[in-house]
Amino acid sequence: MIIWLNGALQDESAAVSPLDHGLTTGDGVFETLKLVDGQPFAVTRHLDRLVVSATGLGLPEPDLALVRDAIATVVKADPDIAFGRLRITYTGGVSPLSSDRGTAGPTLIVASQAIERPAPSSAIVTVPWVRNERSAVAGLKTTSYAENVRALAYAKARGGSEAIFANTVGDLCEGTGSNIFCVYDGELVTPTLQSGALAGVTRNLVLAWFGGVERDVPLEMLADADEIFLTSTTRDVQAIHRADDRDLAVPGEVTAAVARVFAERSAEDLDP
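Residues numbered from 1 in each chain as written. Predicted model: local features only at pLDDT ≥ 70, side-chain atom pairs only at ≥ 80, totals over all residues. Heavy atoms only, no water.

Participant: For the pattern of salt bridges, give the residues involved together with the corresponding values.
Facilitator: Inspection of the entire model under this criterion finds eight salt bridges. Of the charged contacts, one joins Glu31 and Arg49 as a salt bridge, the two residues approaching to 2.8 Å between their closest N and O atoms. Pair noted here: Glu31 is in strand E3 (residues 28-36) and Arg49 is in helix H2 (residues 43-56), with a separation of 18 residues, a long-range link. The same class applies to Glu31 as to Arg49, namely buried. Taking the shortest distance from any N to any O, the salt bridge between Glu174 and Arg131 comes out at 2.6 Å. One end of the pair, Glu174, is in strand E9 (residues 172-175); the other, Arg131, is in strand E7 (residues 121-131), and 43 residues separate them in sequence. (Salt bridge = Lys/Arg side-chain N within 4 Å of Asp/Glu carboxyl O. Helix = DSSP H or I, 4+ residues; strand = E, 2+ residues; numbered from the N terminus. Buried < 20%, exposed > 50% of the residue type's maximum accessible area, 1.4 Å probe, protein only.)

Shown next, in the form of structure tokens:
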């Protein structure tokens, strides 16, 4: 693992202050980028979303030139990662032991790590908790991830690799770290952003490159989908072979076509 922390490369012993607001309150935002053959994918789109999340949380706008320099430094330090993730974390910095922010300024961390490539298909489990589409942090990629940790553990205990949330009005929303797409009679559908779902980079590229409909989908309609797949930075387009207790044939025709288009287009341009 390579870590860049507030201006310098460090090893895994790198220390963040115990008073950092990202640690004490979850006051921070982050982005995860895919690394392929040592190169990060869709840097500009991820940095644009980092700004949206940071300003939406009331943090100072990140210095994107500094973030790009940090990314370049980390990538140069470990150029041989065949497949991995690069994470940018940006927090409220050293602050009082309360909800108030301090005046020391934000903390910026960029780290890379090799990971296993995801399986071509997986299983999902719906969870009994909901996303609050009216939350102050709805649609922001924040470090307040405890409900995702809880939900993912629930799903894994039931044989899934991802947990799926509805929102407060009972519509399908998203996974803990993924967007969800369903196919109904050949039509590709994904929940609207008004559902509380994150505007995923891979989600948006699938819609731009392949097409699809953004529509509110009642959670119970998940059981009627002919095909289901997830999108995320490291999953790309991942078919779902089981949704709760229902098995699906994979890859479905539409899912296979989406995956093919995404693989071709992303290979043509590392920063679409």
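Participant: I'd love a proper account of helix H4 (residues 146-156), names of residues and values included.
Facilitator: Three or more residues of H4 are buried, namely Asn148, Ala151, Tyr154 and Ala155. Down the axis of H4, the smallest arc covering the buried residues is 125°, so these residues share one side. Those residues of H4 that are exposed and angled more than 90 degrees off the buried face are Ala146, Val149 and Lys156. Looking at the buried positions of H4, the neighbouring elements they touch are E7 and strand E8 (162-167). (Arc of directions from axis to C-beta. Contact = heavy atoms within 4.5 Å.)

Participant: Just give me the short version of the environment of Ala197, but keep the residues and values in it.
Facilitator: Structurally, the position occupied by Ala197 is in the loop between strand E11 (187-190) and helix H5 (201-209). Note on Ala197: relative accessible area 3%, which makes it buried. Between the alpha carbons of Ala197 and Asn167 there is a distance of 8.9 Å; along the sequence they are 30 residues apart.

Participant: Would you mind going over a nonpolar patch on the surface in detail, with residue names and values included?
Facilitator: Residues Leu19, Val94 and Leu97 make up a contiguous nonpolar surface patch of about 270 Å² in total accessible area. Counting through the fold element by element, Leu97 comes out in the loop between strand E5 (83-91) and strand E6 (107-114). Overall, Leu97 belongs to the exposed group, its relative accessible area being 69%. (Patch = residues over 30% accessible without salt bridge, like charges linked within 9 Å, V, L, I, M, F, W, Y side chains within 5 Å. Areas by Shrake-Rupley, 256 points an atom, 1.4 Å probe, with all protein chains shown as cover.)

Participant: Summarise a negative patch on the surface; cite the residues concerned and give the values.
Facilitator: A surface patch of like charges, here negative, comprises Asp185, Glu220, Asp224 and Asp226. Looking at the element boundaries, Asp224 is found in the loop between strand E12 (213-214) and strand E13 (227-232). (Lys, Arg positive; Asp, Glu negative; His and termini not counted. Charge placed at Lys NZ, Arg CZ, Asp CG, Glu CD.)

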